[in-house]
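Results of the structural survey
Spelled out from the first residue to the last, the chains are:
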Protein chains: 2
Amino acid sequence: MRENEYTPNVFARGLGLDSMKTVGIICPNISDHYMARAVAYLEESLHENGYDCILGCSGYKQEERESYVKLMLSKRIDTLVLVGSSYAGSSRNEFDTDYIREAAETTPVFMINGRVDGKNVYCACADDYHATYEVTTKLIKRGKKKILFMYDSDSFSARQKMAGYDAALSEAGYPVRGDLKFKTKNNIEYTRDLLLTYKNLEFDSVVATDDGIAVGALKYAKVKGISVPEELSIIGYNDSILAVGCEPELTSIDSKLAVLCKTTIDHMIRLLGKGEEIEPYVCVPCNVVKRCTTDF
Amino acid sequence: MRENEYTPNVFARGLGLDSMKTVGIICPNISDHYMARAVAYLEESLHENGYDCILGCSGYKQEERESYVKLMLSKRIDTLVLVGSSYAGSSRNEFDTDYIREAAETTPVFMINGRVDGKNVYCACADDYHATYEVTTKLIKRGKKKILFMYDSDSFSARQKMAGYDAALSEAGYPVRGDLKFKTKNNIEYTRDLLLTYKNLEFDSVVATDDGIAVGALKYAKVKGISVPEELSIIGYNDSILAVGCEPELTSIDSKLAVLCKTTIDHMIRLLGKGEEIEPYVCVPCNVVKRCTTDF
């Protein structure tokens, strides 16, 4: 790959030169706030660098993901960016990510918060394992004994978070209990109502894989008259607008999306522009943003 | 314009046929939840119809809007979609929308919730005037006398909302007071803090042009120990995830974004596919979604 002059006519570019100056971006659902923020960062940086963005919203199903990637490759894009950890497979099937390695034979593939190993695949991920390990350990040190882990998928990121939770419990000598791993949807009302149906489930704290889930737990506490954080500590993820909008405001993990996107674009420009070798995998530490649903 | 067969190769399409099967979508900021939802609806429908989406995020400045539109037109798109009412000018300068009429000489322009009159310009708007008129009238009928109108821009939509507010006050024989028109940003913490600085501003209700502003007013009430809705009624706009996430949950106007997007795509397909004549302006009524920050 070599650097190309910018030429304004799409056909001249497509026929005469190597580069269309176009990047394909695929995310499952752009109305998800995390993904919308990612696309906002990416588009801004790509625009500054003279690239156009073709956007595809694939949904979450394996066959849709694969067909969107194929479609995008037919556009002769310079690179493909996959936003969100669902593209890194479900762990149930090791062949789930073959389509990414195949795509990378044609064009470089950049993944935001998903890890797939393969030639020409470049991943920037938040360190979800250590972030979840850290907050779970903090809850244990505050005397919490029944920590509910709430999640909504088996994505790469959710698996990292669950592994961090498991490790913290194990290290403290606590059992890892299946009934304290609570699968829900990333939807406030759905999560609140689902929790209300589990009448015998006892927990003194919540670690959620997304703020939407955590706010669902907060709404459950409101309905049940449980005081937060005195009787129930709640920790969300992604430090979204919901964390500030809810009451009491939510302690949440900042998953450093801006850094992941900046890293991705920097790497892309180095690869496309200068043909430099770049690291295939970058892991970025998260921050805990302390608000009012925890006492730490 | 006539219907084209779908051909998978972008160059063949670009050279040999009339259509690239590509739509340019420009919004000011994709990380705004309203715009992200609009792009999600549009992309899904366009994909179903075999169109690709090029996405541009222009920001809010006039020159950026104009330069993004120009850039997008250089891509030989089939149509251009402008999401959000900021593209319809600020009302301070009638020439603000000339760039849209100029763009429409090259390609059909579809506007989501902005109105510009011109040949080849097609607008789908929520009836923000009547929605705001209706909720303001309801507040007046409940005995509210100091209704604060909170807004963050002079966009087409914000002007419609303010006109509806003015009309309701005038009809009830109330003065339209400049000090009760409160300009802020669509940001919870900024709005809360700005309200806290106005120590002599008295109001018994809030009509906000976005949920983010309304939740800022709710946070202000929390800090001041003002009970909602007993002492202060609050009405938001766009019926976003924030309206459900905040506490008490927010009464909000559903601005029918899904209907606006569906109308836009239906019209686009009729125009591009069948060359039908379509209405240049469609106005869709809104709904009030009653929750806990009002007593109606």
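The residue count restarts for each chain, going from 1 along the sequence in the order it is written. The order in which chains are written sets their letters, starting at A; the order in which ligands are written sets their numbers, starting at 1. Side-chain atom pairs in this predicted model are given and counted only at pLDDT of 80 or more, local residue features only at pLDDT of at least 70, and totals for whole chains, interfaces and linings cover all residues. With hydrogens and water set aside, each side-chain value is computed from the structure's full complement of heavy atoms.

**Regarding the relation of the copies chain A and chain B**
To be explicit about the condition: When the copies are superposed, the least-squares fit draws on C-alpha atoms of residues that have pLDDT of at least 70 in both. Here a residue-residue contact requires only that any non-hydrogen atoms of the pair lie within 4.5 Å.
It takes a turn of 180° to lay chain A on chain B, together with a shift of 0.0 Å along the axis; the resulting RMSD is 0.0 Å. Read as a symmetry element, the transformation amounts to a two-fold axis. By residue overlap, the copies meet face to face through one surface: 100% of the interface positions of chain A are interface positions in chain B.

**A look at the packing of aromatic side chains**
What counts here: Two rings from Phe, Tyr or Trp (for Trp, the six-membered ring) form a pair when their centres are within 6.5 Å of each other. A pair whose planes differ by under 30 degrees is stacked, one over 60 is edge-to-face, and the rest are tilted. For a lysine, the NZ atom is tested; for an arginine, the CZ atom; a charge sits over a ring if that atom is within 6 Å of the ring centre and within 35 degrees of the ring normal.
In the structure shown here, the tally under the stated rule is 10 aromatic pairs over all chains. Joined through ring pairs, the aromatic side chains of Phe-149, Tyr-151 and Tyr-165 of chain A make up one cluster. When the ring centre of Tyr-237 of chain B is taken as origin, the NZ or CZ atom of Lys-161 of chain B, which lies over that ring, is 3.9 Å away.

**Thoughts on the sheet that holds strand β7 (residues 181-183) of chain B**
All names here are of chain B. For clarity, the cut-off: One requirement defines pairing of two strands: DSSP has to find at least two bridges between them. Note on conventions: DSSP H or I runs of at least 4 residues are helices, E runs of at least 2 residues are strands, and numbering of each starts at the N terminus. Axis angles are defined between N-to-C directions and span 0 to 180 degrees, where every axis is a line fitted to C-alpha atoms and, for a helix, only to the segment in contact.
The six strands lie next to each other as β7-β6-β8-β9-β10-β12, forming an open sheet whose pairing is mixed. Whereas interior strands pair on both sides, the edge strands pair on one side only; in this sheet they are β7 and β12 (287-289). Looking at each pair of strands side by side, their axes are set apart by 25° on average, direction ignored. Sheet analysis places strand β8 (residues 205-208) next to strand β9 (residues 233-237), joined by three bridges and oriented parallel. Counted as the bridge partner of Ser-205 is Ser-233 from β9. Where helix α8 (residues 211-224) meets the sheet, its contacts fall on β6 (147-151), β8, β9 and β10 (251-254), and the angle it forms with β9 comes to roughly 160°.

**Details of the pairing of strand β10 (residues 251-254) of chain A**
Residue and element names in this part refer to chain A. Here is the rule we go by: Each residue gets one of three labels from its accessible area relative to the maximum for its type: buried under 20%, exposed over 50%, partly exposed in between, using a 1.4 Å probe on protein chains only.
The alternating pattern of β10 places Thr-251 and Ile-253 and Ser-252 and Asp-254 on opposite faces, both of which are buried. In this structure, strand β9 (residues 233-237) lies alongside β10, joined through three bridges in parallel fashion. Opposite Gly-236, over in β10, you have Ser-252 as the bridge partner. Bridge analysis of β10 against strand β12 (residues 287-289) gives three bridges, and the strand direction is antiparallel. Each bridged residue has a counterpart across the sheet, and for Ser-252 the counterpart in β12 is Val-289.

**A word on the pattern of salt bridges**
This is how the line gets drawn: Salt bridges are defined as contacts in which a side-chain nitrogen from Lys or Arg sits within 4 Å of a carboxyl oxygen from Asp or Glu.
By the definition in use, this model includes 32 salt bridges over all chains. Across the pair Lys-181 of chain A and Asp-166 of chain A runs a salt bridge, and its minimum N-O distance is 2.9 Å. With Lys-181 of chain A in strand β7 (residues 181-183) and Asp-166 of chain A in helix α6 (residues 156-171), this residue pair connects regions lying 15 residues apart in the sequence. One continuous salt-bridge network, built from bridges that share partners, spans Lys-219 and Lys-222 of chain A together with Glu-247 and Glu-249 of chain B.

**Comments concerning the interface of chain A and chain B**
Counted only if it meets this: Joining two parts hides part of their accessible area as seen by a 1.4 Å probe, and the buried area is that hidden amount summed over both. Here a polar contact is taken to be a pair of N or O atoms separated by no more than 3.5 Å, where protein atoms must pair a possible hydrogen donor with a possible acceptor and residues adjacent in sequence count only if both atoms sit in side chains. Three classes are used, and their members are as follows: Ala, Val, Leu, Ile, Met, Phe, Trp, Tyr, Cys and Pro are nonpolar, Asp, Glu, Lys and Arg are charged, and the others, Gly among them, are polar.
Facing 42 residues of chain A, the contacting portion of chain B comprises 42 residues. In total, chain A and chain B occlude about 3700 Å² of area from one another, counting both sides; carbon and sulfur atoms represent 62% of this. Counting every contact that joins chain A to chain B gives eight salt bridges. A salt bridge links Asp-52 of chain A to Lys-75 of chain B, with the shortest nitrogen-to-oxygen separation between them at 2.8 Å. Our count for the chain A to chain B interface comes out at 18 residue pairs in polar contact (both at pLDDT 80 or more). Sorting the residues of the side of chain A that touches chain B by element identifies α1 (10-16), α2 (33-48), β2 (52-57), α3 (62-73), α7 (188-197), α8 (211-224) and α9 (241-245) of chain A as the ones contributing at least two each. No other element matches the seven residues that α2 of chain A contributes to the side of chain A that touches chain B. Partitioning the side of chain A that touches chain B into residue classes produces 22 nonpolar, eight polar and 12 charged.

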